[in-house]
Every structure is written in C-alpha cells, then in structure tokens.
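Structural description and commentary
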Amino acid sequence: MGLLDRISVNPEILHGKACIKGTRIPVSVILDNLSKGLSKEEIISSYPTLEKQDIDATLAYTALKK
C-alpha cells in the first residue's frame, strides 16, 4: 500500500474532506497539529489510531494538492 492509499476522500464521510482512511481524522487536523509544532509522537498520542505513516501520507497528499 502506497502512502496516498492511506488518504480517503469520500462525500459520505466528513462532507468529502480528505481524512485518514478508516478514521474520521481529517488531514487538516494533522496539518494544524504539525503547524503548532507538535511532533509525530505527540500527534499519535492524541490520536492513538494514527500511525507515523498516516502523518507521512498527510504531508505527501498536501504536497500533491499544491
């Protein structure tokens, strides 16, 4: 599974906002946490269903969307 396979965009989930597949954690929440200076470990501590690869996928997805 590639990094981008970890991201889901489904109009039935979170009004079509990009989120981590299998969760309702939006990509935007992860980016907000990163922009506040939180480490991957701190974000995972707050959202235990996340894995480091989910955060990497968020960054890859964001880079492609620019």
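Above this text you will find the structure in question.
Everything in this summary refers to the structure shown in the same document. Because the structure is predicted, anything quoted here is derived from the model rather than measured.

Section: unusual backbone geometry
With a phi angle near 55 degrees, Leu14 is a residue other than glycine that sits in the positive phi range. In this fold, Leu14 is placed in the loop between strand 1 (7-8) and strand 2 (19-20). Overall, the relative accessible area of 24% leaves Leu14 in the partly exposed class. Even without a glycine there, the phi angle at His15 is positive, about 55 degrees.

Thoughts on the pattern of salt bridges
Across all of its chains, the model carries four salt bridges by this definition. Notably, a salt bridge pairs Arg6 with Glu51, separated by 2.8 Å at the nearest N-O pair. Residue Arg6 is located in the segment before strand 1, and its partner Glu51 is located in the loop between helix 2 (40-46) and helix 3 (52-65); the two are separated by 45 residues in the primary sequence. In this structure, the salt-bridge partner of Arg6 is Asp54, at a minimum N-O distance of 2.7 Å. You can see Arg6 sitting in the segment before strand 1 and its partner Asp54 sitting in helix 3, a full 48 residues away along the chain.

Rules and cut-offs
- Residues numbered from 1 in each chain as written.
- Predicted model: local features only at pLDDT ≥ 70, side-chain atom pairs only at ≥ 80, totals over all residues.
- Heavy atoms only, no water.
- Helix = DSSP H or I, 4+ residues; strand = E, 2+ residues; numbered from the N terminus.
- Buried < 20%, exposed > 50% of the residue type's maximum accessible area, 1.4 Å probe, protein only.
- Salt bridge = Lys/Arg side-chain N within 4 Å of Asp/Glu carboxyl O.

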